[in-house]
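Below are the chains, spelled out letter by letter.
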Amino acid sequence: DLPQDKDHQHANVSPKLNAGIVVGVGGFFVLNMAVLLSLPPVLRGKGAPYLPTFNRQLDSMFRLLRNEPSLKSRVANGEALNFMDLGSGDGRIVFRAAREEIFHKCTGVEINPLLHIIATFRKILHGPKYFSITSFHLKDIWSTPLHNTHVVAIYGLAPIMDKLGTKLK
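Now for a look at the structure at hand. Quick caveat: nothing in here was measured; it's all calculated off a predicted structure.

## Quick word on the packing of aromatic side chains
No. 1: For the structure on display, the rule yields 3 aromatic pairs.
No. 2: Pairing F62 with F83 gives two aromatic rings, centres 6.0 Å apart and planes at 35°, and the pair type is tilted. Taken together, the positions of F62 in helix α3 (residues 55-67) and F83 in strand β1 (residues 82-86) put the pair 21 residues apart, joining distant regions of the chain.
No. 3: Here F83 and F103 contribute two aromatic rings whose centre-to-centre distance is 5.2 Å and whose plane-to-plane angle is 55°, an arrangement assigned as tilted. Separated by 20 residues along the polypeptide, F83 in strand β1 and F103 in the loop between α5 (92-100) and β2 (105-110) bring together distant segments of the chain.
No. 4: Joined through ring pairs, the aromatic side chains of F62, F83 and F103 make up one cluster.
No. 5: The ring of F131 has K123 lying over it, and the distance from NZ or CZ to the ring centre is 4.5 Å.

Okay, structure coming up:
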């Protein structure tokens, strides 16, 4: 046994640091599980892997939507428009659509159960402001009716886009 300095016998680790490490490791684990659970539909040609959409991309997307002439006209006329994100992941695009205040209803459809749970939990955290206009459904995009939807968002891979184009007609 080597003699130890009394000051180094017990390391003082901040409880905040421990909590930060636990949250970081937990977040990393959840994100990796979400990605892994998104692979089976990709392998069956029924979807795309989970890739989070960043704010800069969302800003561009919604800037284009707000400036789209037919959408602007419908909003100006007070039409109740519906937004749907097919493969909604953690729900960030659905919540952004709700914040835009141009849609009457914003819906997310996700096949990955873990991502669906995360989106539903985020809905609870957002509270009453978006509770009535956002909804999330755990289902396959191919069994989702789109007849009352005015704007559809999707991150799709080439193999599914032709089939989706037919569905959107």
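## Focus on unusual backbone geometry
No. 1: Positioned with a positive phi, E101 is a non-glycine residue whose angle comes to about 60°.
No. 2: Structurally, the position occupied by E101 is in the loop between α5 and β2.

## Looking at the sheet that holds β2
No. 1: Spatial strand order, β3-β2-β1-β4: 4 strands in an open sheet with parallel pairing. Each end of this open sheet is capped by a strand with a single partner; those strands are β3 (134-138) and β4 (151-154). Geometrically, the sheet is characterised by an average inter-axis angle of 15° between neighbouring strands, direction not taken into account.
No. 2: Strand direction decides the pairing type here: β2 and β3, joined by 5 bridges, are parallel. The residue bridging C106 from the neighbouring strand is T134, located in β3.
No. 3: Set on the sheet, helix α6 (residues 113-126) makes contact with β2 and β3; between it and β3 the angle comes to about 160°.

Calculation rules
Residues numbered from 1 in each chain as written. Predicted model: local features only at pLDDT ≥ 70, side-chain atom pairs only at ≥ 80, totals over all residues. Heavy atoms only, no water. Phe/Tyr/Trp six-rings, centres within 6.5 Å; stacked < 30°, edge-to-face > 60°. Helix = DSSP H or I, 4+ residues; strand = E, 2+ residues; numbered from the N terminus. Lys NZ or Arg CZ within 6 Å of the ring centre and 35° of its normal. Pairing = 2+ DSSP bridges. Axes fitted to C-alpha atoms, helices over the stretch in contact; angles between N-to-C directions. Contact = heavy atoms within 4.5 Å.

Scope: geometric values only; no functional claims are made or implied.
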